[in-house]
Amino acid sequence: FCRVDPYGFERPDDFDYASYEAFFSRYLVVLTRRAIKWSKLLKGNKSIQKSLKVKRYIRKGIPNEHRALIWMIASGAQTNMEQNPGYYHRLLEGEKNDKLVEAIKTDMNRTFPDNVKFRKTADPCLQHTLYNVLVAYGHHNKAVGYCQGMNFIAGYLILITKNEEESFWLLDALIGRILPDYYSPAMLGLKTDQEVLGELVKMKVPAVAELMERHGVMWTLVVSRWFICLFIDILPVETVLRIWDCLFYEGSKIIFRVALTLIKQHQAFILEATNFPDICDKFKQITKGTFVTECHSFMQKIFTDPGSLSIATINKLRESCREKLLSQG
Amino acid sequence: FRKEAALHARPAFHPTVASACQEQRTGTVGFKISKIIVVGDLSVGKTCLINRFCKDTFDKNYKATIGVDFEMERFEVLGVPFSLQLWDTAGQERFKCIASTYYRGAQAIVIVFDVNDVASLDHTRQWLADALKENDPSNVILFLVGSKKDLSTPAQYSLMEKDALKVAQEMQAEYWAVSSLTGENVRDFFFRVAALTFESSVLAELE
């Protein structure tokens, strides 16, 4: 394995090559099996219908060569793109909001400094692509404009699709439909979902909820980046992509599954914390190590460990948490 | 000895600080933590400032801070263990709604601006107002910190300093100019923060 991963990210100095190699040689077998299954599934037709079989296939991971296409289809981005030909380019040619452009420019060098493809010196330099996607999106969805975090998400979309316009429509699928009101100025949807997670932890891992309450740690401190960046820079790249496979097909509920799995799996470890900074530190540590690197077994766990998690439960909690937040002003 | 470091630091102007060395010695018991919040515009260098101090590193292309984060730094002031809890907040306007929940209970507020960007200095008033909403103004020590001094020529800097001192005076904040790139003044500044917050928490305890 080299210093730079297949997506262009530099591996950290303390990267454990030996254990990664051990994992990857096992994962390669899975990848090969999945690749064969997927090419059979897609044989002849470049589309999929929603079905239990497809859902199962997606949970087991979309092969990289089909990832962009399946994300496009599953999220509805493909349909939107086809129904609005030329729209993306018209956005880029239109008049620009200076303040928005300025905010986006500020983050260009700060998006993936650890990715060689996003360096100013790279050729082609993905910073230009990223800039275009974010500027177009900010003018398309004026209520949201640009919120930090979107730069990382768009960056991942560009790395996977290698296509500016598709990245734009996928970003729209996430921000406009899949994630409810996360990035708008009041961030009400994000705040709501952080509270919802708190409620779910109370139900499913009560000891951790009690610890957080005892030390006055608000959920937003330890999980806001999980929600805002959809686990980018929190979990390993391969694991994030596997999560996103399900996110595009099954929706935002997956984020809760991942969060609950991380917390439940490390319950004893988290409970060792005796003070506020300890707790924050534990929450940083539980996103590292073999448990999260081994993405295939991790993805199996997220569907079993947290137990049942119906969308009805989540929606009910969202409603009550939202009311509470609104009444607090 | 930390006390000494702070006293010998060159503050641009003096706030009303009476050294209470003797009292501190007698009045201090146990372990103390001070909460310091660091606020300021997008990309003025809040994270870089904290990283220079806590990790002694500098990375120009540091990733944008999302939400809020924090670092602990342990000191010994006059032989008493003392910790600074440094809260790094995102500079983007909309993150205020998340980060502001963490403004509460701060012993010191550090408002950072870029000495090369006059708009970021103008915005410090708003940052202060927001941070003070969650805190008792009479109970919190304020610092106005100009960052990226290395990018400024002496002539440009002295112009900016005049404005900064005016703002600092208005706010009743202590003014510091630092460079996280070179490290200039960074340690002295945080030692000063530690000394002053330590002193005030000891005094509060004595009352």
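Scoring rules and cut-offs
- Residues numbered from 1 in each chain as written.
- Chains lettered and ligands numbered in written order.
- Predicted model: local features only at pLDDT ≥ 70, side-chain atom pairs only at ≥ 80, totals over all residues.
- Heavy atoms only, no water.
- UniProt positions renumbered as here; feature names shortened; annotations may be inferred.
- Contact = heavy atoms within 4.5 Å.
- Buried area = accessible area lost by both parts, 1.4 Å probe.
- Salt bridge = Lys/Arg side-chain N within 4 Å of Asp/Glu carboxyl O.
- Polar contact = N/O pair within 3.5 Å; in protein donor to acceptor, adjacent residues only side chain to side chain.
- Helix = DSSP H or I, 4+ residues; strand = E, 2+ residues; numbered from the N terminus.
- Nonpolar A, V, L, I, M, F, W, Y, C, P; charged D, E, K, R; others polar.
- Buried < 20%, exposed > 50% of the residue type's maximum accessible area, 1.4 Å probe, protein only.
- Axes fitted to C-alpha atoms, helices over the stretch in contact; angles between N-to-C directions.
- Parallel < 35°, antiparallel > 145°, perpendicular 65-115°, else oblique.
- Left-handed = near helix turned anticlockwise from the far one by under 90°.
- Disulfide = S-S within 2.5 Å.

The name an unreviewed UniProt entry gives chain B is Ras-related protein Rab-34, with Nipponia nippon as the organism. Note on chain B: under the UniProt heading Subunit (unreviewed entry), the record states "Interacts with RILP. The GTP-bound form interacts with REP15." Database annotation for chain B, UniProt heading Sequence similarities (unreviewed entry): "Belongs to the small GTPase superfamily. Rab family."

Going by the annotation in an unreviewed UniProt entry, the name recorded for chain A is Growth hormone-regulated TBC protein 1, with Nipponia nippon given as the source organism. Regarding chain A, the UniProt comment filed under Function (unreviewed entry) reads as follows: "May act as a GTPase-activating protein for Rab family protein(s)."

(A) Representation of the interface of chain B and chain A. Listed by partner, the interface residues are 22 residues for chain B and 33 residues for chain A. When chain B packs against chain A, close to 2,400 Å² is buried across both sides, 63% of that on carbon and sulfur atoms. When residues of chain B are sorted by the area they lose upon contact with chain A, Lys63(B), Ile66(B) and Arg94(B) head the list and together hold 29% of the total. Viewed at the interface, chain A and chain B are joined by three salt bridges. For Asp233(A), the salt bridge identified is with Lys63(B), shortest N-O distance 2.9 Å. Between the two partners, chain B and chain A, sit nine residue pairs in polar contact (both at pLDDT 80 or more). Listing elements by their share of the side of chain B that touches chain A, those giving two or more residues are strand 2 (68-77), strand 3 (80-89) and helix 4 (96-99) of chain B. For the side of chain B that touches chain A, the leading source of residues is strand 2 of chain B, giving four residues. Among the residues making up the side of chain B that touches chain A, the classes are represented as twelve nonpolar, seven polar and three charged.

(B) The arrangement of the pattern of salt bridges in detail. In the structure shown here, the tally under the stated rule is 23 salt bridges over all chains. Here Asp172(A) makes a salt bridge to Arg177(A), at a shortest N to O gap of 4.0 Å. For Arg177(A), a relative accessible area of 40% gives the class partly exposed. In this structure, Lys96(B) and Asp130(B) form a salt bridge, with 2.8 Å as the shortest nitrogen-oxygen distance. Pair noted here: Lys96(B) is in helix 4 and Asp130(B) is in helix 6 (residues 124-133), with a separation of 34 residues, a long-range link. With respect to burial, Lys96(B) and Asp130(B) carry one shared label: buried. Connected through shared salt-bridge partners, Glu93(B), Lys96(B), Asp130(B) and Lys133(B) make up one network.

(C) A look at the packing of helix 10 (residues 188-204) of chain A against helix 19 (residues 311-328) of chain A. All names here are of chain A. At a closest axis distance of 8 Å, the pairing of helix 10 and helix 19 adopts a crossing angle of 120 degrees. When the interaxial angle is binned, helix 10 and helix 19 end up oblique. The two elements helix 10 and helix 19 cross, and the hand of that crossing is right-handed. Taking contact as the criterion, the partners of Leu188, Lys191, Thr192, Asp193, Glu195, Val196, Glu199, Leu200 and Met203 in helix 10 are, on helix 19, Thr313, Leu317, Arg318, Cys321, Arg322, Lys324, Leu325 and Leu326. In the contact of helix 10 with helix 19, the residues fall into eight nonpolar, two polar and seven charged.

(D) Local environment of the state of the cysteines. Taken as a whole and judged by the stated rule, the model has zero disulfides over all chains. Free of any disulfide, Cys295(A) has its nearest neighbouring cysteine sulfur in Cys246(A), separated by 11 Å. Cys48(B) takes part in no disulfide bond, and the closest cysteine sulfur to it belongs to Cys54(B), at a distance of 13 Å.

(E) Representation of the packing of helix 1 (residues 17-41) of chain A against helix 2 (residues 52-59) of chain A. Residues and elements named next belong to chain A. At their nearest, the axes of helix 1 and helix 2 sit 11 Å apart, and the two run at 150 degrees to each other. Classified by the interaxial angle, the pair formed by helix 1 and helix 2 is roughly antiparallel. The interaxial crossing formed by helix 1 with helix 2 has left-handed handedness. Contact residues: helix 1 offers Arg34, Lys37, Trp38 and Leu41, while helix 2 offers Lys53, Tyr57 and Ile58. Looking at the contact of helix 1 with helix 2 residue by residue, the class counts come to four nonpolar, no polar and three charged.

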